[in-house]
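An overview of the molecular structure
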Amino acid sequence: MIPVWIFAFFSVASLGLYELYRSYKNWKFFKEKDNLDISPFWRTFFIDIFLWPLFNKYSDMLKGEGHNIGYPASPLAIFWIGMNLISRFENPIGLISYLSFLAFIPVPGSVDEYWENKFPGFPEKPLTRWQLFILIIGTIVVFLDVVGIFIPE
């Protein structure tokens, strides 16, 4: 389980790389859980194609366990792709792409609820030193990117 706020913070601080990492981990989870003959690496590498099926896998899993999910997979995947296309624009418009993590937010929230019901009181893992290091460096980079817009050349 990962709190939504940590997911969001890691996504922004890693410039979106954390979303790729989570995609890989999620595909790896489904490969092991459902004994799928897939490559989590390639599904992550081609995330634009496989994000929608990933969101659907979680939706199907949650519905199969009797959970009421509240996210539409297709619009979330399209939103994520759109945000990443916006990143190709120059700043300040390109900064909007930092919001790509919003496409993932409903999924971890639903999955956290699923795991909380399966294992009540399961503790959250504290952040490691490596994770804190990445957050600090990433936050500095994002801050400098935003501040750089206001500094004339």
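Residues numbered from 1 in each chain as written. Predicted model: local features only at pLDDT ≥ 70, side-chain atom pairs only at ≥ 80, totals over all residues. Heavy atoms only, no water.

1. Details of the overall build of the protein chain
Secondary structure summary: the protein chain contains seven helices and zero strands in total. Listed by position from the N terminus, the elements making up the protein chain come as α-α-α-α-α-α-α. Against the compact-globule benchmark of 15 Å for 153 residues, the protein chain has a radius of gyration of 17 Å, which places it among compact chains. Seen through its principal axes, the protein chain has C-alpha atoms that stretch 55 × 35 × 30 Å. Across the 153 residues that make up the protein chain, the buried fraction comes to 34%. Here the analysis covers contacts within the protein chain between residues at least 6 apart in sequence; of these, 63% occur between residues at least 24 apart. In the structure as shown, the protein chain presents an accessible area of about 9,700 Å², 66% of it carried by carbon and sulfur atoms. Between the mean site of the 12 positive side-chain charges and the mean site of the 14 negative ones, the protein chain shows a separation of 8 Å. (Helix = DSSP H or I, 4+ residues; strand = E, 2+ residues; numbered from the N terminus. Rg over C-alpha atoms; globule rule 2.2 N^0.38 Å. Buried < 20%, exposed > 50% of the residue type's maximum accessible area, 1.4 Å probe, protein only. Contact = heavy atoms within 4.5 Å. Areas by Shrake-Rupley, 256 points an atom, 1.4 Å probe, with all protein chains shown as cover. Lys, Arg positive; Asp, Glu negative; His and termini not counted. Charge placed at Lys NZ, Arg CZ, Asp CG, Glu CD.)

2. Notes on the side chain of Ser 11
Locating Ser 11 in the fold gives a position in helix α1 (residues 4-13). Not counting residues within four places of it along the chain, the set of residues in contact with Ser 11 comprises Gly 16, Tyr 18, Glu 19 and Phe 101.

3. So, a nonpolar patch on the surface
Taken together, the side chains of Leu 15, Trp 130, Leu 132, Phe 133, Ile 136, Ile 137, Ile 140, Val 141, Phe 143 and Leu 144 define a hydrophobic patch exposed on the protein surface, amounting to about 1,000 Å² of accessible area. Along the chain, Phe 133 turns up in helix α7 (residues 129-150). (Patch = residues over 30% accessible without salt bridge, like charges linked within 9 Å, V, L, I, M, F, W, Y side chains within 5 Å. Salt bridge = Lys/Arg side-chain N within 4 Å of Asp/Glu carboxyl O.)

4. A few points about the layout of surface pockets
Approximately 350 Å³ is the volume attributed to the second largest pocket. Surrounding the second largest pocket, 18 residues form its lining, Leu 15, Trp 80, Asn 84, Ser 87 and Arg 88 being those nearest its centre. For the lining of the second largest pocket, the leading source of residues is helix α5 (residues 73-86), giving four residues. Here the residues of the lining of the second largest pocket sort into nine nonpolar, six polar and three charged. (1 Å grid on protein atoms, 1.4 Å probe; cavity = no way out; pocket = protein on both sides within 12 Å on 5 of 7 lines; lining within 4 Å. Points joined across faces, edges and corners; volume = space filled by probe spheres on them. Nonpolar A, V, L, I, M, F, W, Y, C, P; charged D, E, K, R; others polar.)

5. Here's the deal with the environment of Gly 64
Here Gly 64 lies in helix α4 (residues 47-64). Judged by its relative accessible area of 66%, Gly 64 is exposed. Separated by 38 residues in sequence, Gly 64 and Asn 26 place their C-alpha atoms 17 Å apart.

6. Some points on the pattern of salt bridges
Under the definition given, this model contains two salt bridges. The partner of Lys 33 in a salt bridge is Asp 34, with the nearest N and O atoms 3.0 Å apart. Classification of Lys 33 by relative accessible area gives partly exposed; the value is 42%. The class of Asp 34 is partly exposed, set by a relative accessible area of 29%. Residue Asp 34 pairs with Lys 57 through a salt bridge whose shortest N-O separation is 3.0 Å. Here Asp 34, found in helix α2 (residues 17-34), pairs with Lys 57, found in helix α4; they are 23 residues apart in sequence, far enough to count as distant. Each of the salt bridges in this network shares a partner with another, and the network as a whole consists of Lys 33, Asp 34 and Lys 57.

7. Some details on the side chain of Ser 97
Along the chain, Ser 97 falls in the loop between α5 and α6 (106-118). The residues contacting Ser 97, other than those within four sequence positions of it, are Met 83, Ile 86 and Ser 87.

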